[in-house]
Every structure is written in structure tokens, then in C-alpha cells.
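Observations on the model geometry
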Amino acid sequence: VTTTLDTWSVEDSRRRATKRWSRFPADVLDLTVAEMDLPTAVPVLAAVRDAVEREAFGYPLTEEYTDFQPVVAEWLGGQGLDIDEHAIFMLSDVMKGMSLALEHLVEPHTPVAVVTPTYSAFFDALFVARRRALETPMQQHADGSYQLDLSAIRDAFAAGARSLLLCNPSNPTGAVYPRVDLEALAELAGQFTARIITDEVHAPLRFTSKPHVPYAAVDPDRAITLTSASKSWNIPGLRCAVIAFSNPADIPVWQALPGGAKGGISPLGIVATIAAFQKGEPWLAAVRQSLGRRRDLAVAGLNNLGHGRLITAPEATYLGWVDLRRFELADAANHLRLAAGLAVTPGEEHGAVGRGFVRINLATPETQLGDMVDRFGRALQAVPPADSLAG
Ligand SMILES: Cc1ncc(COP(=O)(O)O)c(C=O)c1O
């Protein structure tokens, strides 16, 4: 496995003709899209090939006619979340689950607390559900690490929020939340009778001995859990995700929603998800090792450019959160694109507190990461520091 992971090239990824490498001219290094430049796990590919051979292109089966529920329940159990298999449902994608949860399981007409910086599509889910965001920025420590800011969250609940969107672990900061912080959040949520919608899609991609603590494991009544195989096994185009209810009262509400509302689930996605959760761990273990090496290389390269610490090694996710606030740049992402042909995600897409940061994808071959460091170096060379114009 390790050999094929390390020999997979950008040209191999380009042949996929998906969003990852198809939107910019060839000389642009695109680090925006969160897809991995890696081959597909053998058992996942085998399951999809088998489904293609059988021409499984009809309407998808619902949960009870497949192994989906027991397989997902067992996989979640391995992550520390014991959940009744009958409380697990399929849907097309994680973000669909977030907007449906906001529309149907959260007190109507209330604003929604959002822990920021966060995955930008959380704001799209709020738009779809017609909810107002109350951003609750995390605290950033001197070493660059992030922690939930419980007083900001309390303020949002006091201002009327009755739900909170949590990205656990965090895209884009890579933070893995410790149990004590999630317990403190649970206590606050209890005081304000708020629901916590937790997106745990990045949980398997951790590079730390710190355990993943599923939010529902500390607060089953208030949690609504979303996850999928799409990030860890690199199959977002196959259209299948998971919503898991640890509060049994949510189940009839979900079941009453028409199938069409839950999105276009694909039969290929169902078999791929089952294969990933059942047989995909050895591949994932090799991926974690390979991504860990790439992360260390990129972090060392960026932090040795001579500008101080630009990035803190993420504990989870293959994303990098680069702090460019020390430079006099009105639009850091645009500058990188124009000065060095580097496409990155603007930090402010992840919440107001992201201004001055950019997000990069580290799941690309080491040669690309070397090129990325060079491009950052070129782009930042002549930029004055942010305080140079002060006074
Ligand atoms: C935190 C998080 N949630 C959800 C998704 C997307 O999941 P889906 O395509 O299933 O909506 C991503 C993709 O990058 C993500 O980072």
C-alpha cells in the first residue's frame, strides 16, 4: 500500500478529471479542493467495480435492505460512539444532513452558534436553512493551537442561539478537542437547551495519540452526529453519508422526511461506504503515515522560510491553516495567486476570524509540497510586515 501511496502522481489525479486539478491552468498549483492525491483503497475500488459490473445504476436501496446500519454502528463503536444501529441513516452528503437538521431538529427561528474558523460550507447550510450565524471564535494560544472558547459560546446562547455547529476535529485548524472541553460545552448546551450538530467527518484522519471524542459520547441527548467515508477514503463523488441519532426522539422526525429531501444517494456510494468502514482500516493506517510525513515536510518548509511560524502542525485533517497576518496583505489568497500561481482558500471563508489566514491541502505529493514552499517563499519575499505602516 505504502508504495502505491507514494508513487501516485498529480498526473494520476488529473486523469480523474474531478474538481481537484481541473479548474486552473497547468502552471497553477491548486491547493484549494479537499481531495487527496492518492489512489483509492483496494477494497473500496473492488466494491465499486463489482457494482459497475452488476450495473447497479438503479435507485438505491434504503437502509434496512443493506448492511449499512450494522456496519456503520460497528465502525462508530470503534471510534468511541456506541449507538443503536436503528438510529443510523444514510443520506447523500454531510452538508445535506446539516441543513436538514437545522431545518427540522432545532428550535425554529433561532440563530445558530458556529465555532470558527470552520469548514466554509457550514455557512452554506445555514443559508439553505435560513438561519443566522453567531460566530464563536476559538481561542488561539501562543503556540498556534486552538481551543473552544466557552465564554464566546455562552454569549451566543445568551443571545438566543439554541444550536451550535461543531467541526470535530476541526477543518481548517486541525484541532482535536479534548474530552474536558466537550464536557464543558455539554454543560453549557444543557443550561440553554441547545442542540449540537457535530460534523465528525475528519475523525479518522488524526496524526496524534489524542483520542477522537465523539460529541455524542459526552452528550447523547443534545447531539446530532454527521459523518461519512468521503474524506478519509477520498470518495465524495460517490454520494453517501451518515446521520446518527443518539437522542431517540429525533428518529421519527427524520423518518417522516421524504426520501427526496435526503438527497441523491448513489448505490455505488452505499457499497463503497460499507467496504471502507468494514475493510478500509489497513489502507487508512498507511494513509495516515504517509500524510503525517507530508504534513511534517510542509510545516518545516513553511516555518523555515524566515518569517517565523506560519503554520502549526494540524493534529487531524490533511489541511494546513497558514497564518499570514504578519504581512501587509489586504487579500492574502489573491496575492499568492498573482505573485506565485498558488491557489489557496481565503481564510475569511472559514469565518470572520479567518481573515489573514489561508487554507491549503497537504494531501499532495512531496514534490508539490516542495514547490508550494518555494511559491510561498517567492510570494512573501517582498511583502512588508503588517506593522510597517503603523505609526
Ligand atoms: C468538515 C467537513 N464536512 C463535510 C465535508 C463535505 O462532506 P460532504 O461532501 O459529504 O457534504 C467536508 C469536505 O471537505 C468537510 O471538510
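Residues numbered from 1 in each chain as written. Predicted model: local features only at pLDDT ≥ 70, side-chain atom pairs only at ≥ 80, totals over all residues. Heavy atoms only, no water.

Turning our eyes to something else, we now look at the side chain of His350. Assignment of secondary structure puts His350 in the loop between strand 13 (345-346) and strand 14 (357-361). According to the relative accessible area criterion, His350 is buried, its value standing at 0%. Excluding its chain neighbours within four sequence positions, the residues that come into contact with His350 are Thr116, Pro117, Thr118, Tyr119, Ser120, Phe123, Asn171, Pro172, Trp321, Thr345 and Arg359. (Helix = DSSP H or I, 4+ residues; strand = E, 2+ residues; numbered from the N terminus. Buried < 20%, exposed > 50% of the residue type's maximum accessible area, 1.4 Å probe, protein only. Contact = heavy atoms within 4.5 Å.)

It is worth spelling out the packing of helix 7 (residues 150-158) against helix 8 (residues 179-191) at this point. Contact geometry for helix 7 and helix 8: axes closest at 10 Å, N-to-C directions at 15 degrees. As summarised for this structure, helix 7 and helix 8 are arranged roughly parallel, according to the angle between their axes. The chirality of how helix 7 crosses helix 8 is right-handed. Judged by residue contacts, Leu150, Ile153, Arg154 and Phe157 of helix 7 engage Asp181, Ala184, Leu185, Leu188, Ala189 and Gln191 from helix 8. In the contact of helix 7 with helix 8, the residues fall into seven nonpolar, one polar and two charged. (Axes fitted to C-alpha atoms, helices over the stretch in contact; angles between N-to-C directions. Parallel < 35°, antiparallel > 145°, perpendicular 65-115°, else oblique. Left-handed = near helix turned anticlockwise from the far one by under 90°. Nonpolar A, V, L, I, M, F, W, Y, C, P; charged D, E, K, R; others polar.)

Surrounding the ligand, one finds Ala34, Asp93, Val94, Met95, Tyr119, Cys167, Asn171, Asp199, Val201, His202, Ser230 and Lys231. For the ligand, an oxygen atom lies 3.5 Å from a polar atom in the side chain of Asp93. At 2.7 Å, a side-chain N or O of His202 approaches an oxygen atom of the ligand. (Near = heavy atom within 4 Å. Polar contact = N/O pair within 3.5 Å; in protein donor to acceptor, adjacent residues only side chain to side chain.)

Another aspect to go through is the pairing of strand 4 (residues 133-137). Judged by which residues are buried, strand 4 turns out to be one-sided: Leu134 and Thr136 face inward and are buried, whereas Ala133, Glu135 and Pro137, on the alternate face, are not. Sheet topology note: the strand 3 (residues 112-116)/strand 4 ladder contains five bridges and is parallel. Directly across from Thr116, in strand 4, lies its bridge partner Pro137. (Pairing = 2+ DSSP bridges.)

By the element assignment, Val44 lies in helix 3 (residues 42-53). Ignoring anything within four residues of it in the chain, the contact list for Val44 reads Trp233, Ile235, Ala272, Ala275 and Ala276.

Our next topic: the sheet that holds strand 13. Strand order in the open sheet made by the three strands is 11-14-13, with antiparallel pairing throughout. Of all the strands in the sheet, the pair left with one neighbour each is strand 11 (319-323) and strand 13.

You can see Thr208 is positioned in the loop between strand 8 (195-199) and helix 9 (215-218). Accessibility expressed as a relative area gives 24% for Thr208, which makes it partly exposed. Spatially, the C-alpha atoms of Thr208 and Pro314 are 9.0 Å apart, while their sequence positions differ by 106 residues. Residues in contact with Thr208, not counting those within four places in the same chain, are Val176 and Glu315. A distance of 2.8 Å separates a polar atom in the side chain of Thr208 from the backbone nitrogen of Lys210.

Right, let's talk about the pattern of salt bridges for a bit. Scanning all chains against the criterion turns up 14 salt bridges. Measuring nitrogen to oxygen at the nearest pair gives 2.8 Å for the salt bridge that ties Asp323 to Arg325. For Asp323, a relative accessible area of 12% translates into the label buried. Three or more residues are tied together by salt bridges with common partners; here these are Asp6, Arg293 and Arg294. (Salt bridge = Lys/Arg side-chain N within 4 Å of Asp/Glu carboxyl O.)

The two faces of a sheet get side chains in turn, since along a regular strand they alternate between them. Strand 10 (residues 241-245) sits mainly inside the fold: five of its five residues count as buried. Here strand 10 shows two buried faces, one formed by Ala241, Ile243 and Phe245 and the other by Val242 and Ala244. Two elements, strand 2 (residues 88-91) and strand 10, share four bridges in a ladder whose sense is antiparallel. Bridging across to strand 10, Met90 finds its partner in Val242.

Now for the sheet that holds strand 8. Overall, mixed pairing links the seven strands, which are arranged 2-10-9-8-7-3-4 in an open sheet. Single-partner strands in this sheet number two, and they are strand 2 and strand 4. When strand polarity is set aside, the average angle formed by the axes of neighbouring strands in this sheet is 25 degrees. In the packing of helix 4 (residues 68-78) onto the sheet, contacts are made with strand 2, strand 9 (223-227) and strand 10, and the angle to strand 2 comes to roughly 110 degrees. Of the strands in this sheet, strand 3, strand 4, strand 7 (163-167) and strand 8 are in contact with helix 7, which crosses strand 4 at around 165 degrees.

Below, the discussion takes up the state of the cysteines. Per the stated rule, a full pass over the model turns up zero disulfides. For Cys167, which is in no disulfide, the shortest distance to another cysteine sulfur is to Cys240 and amounts to 19 Å. With relative accessibility at 3%, the residue Cys167 sits in the buried group. Cys240 gets classed as buried once you look at its relative accessible area, which sits at 7%. (Disulfide = S-S within 2.5 Å.)

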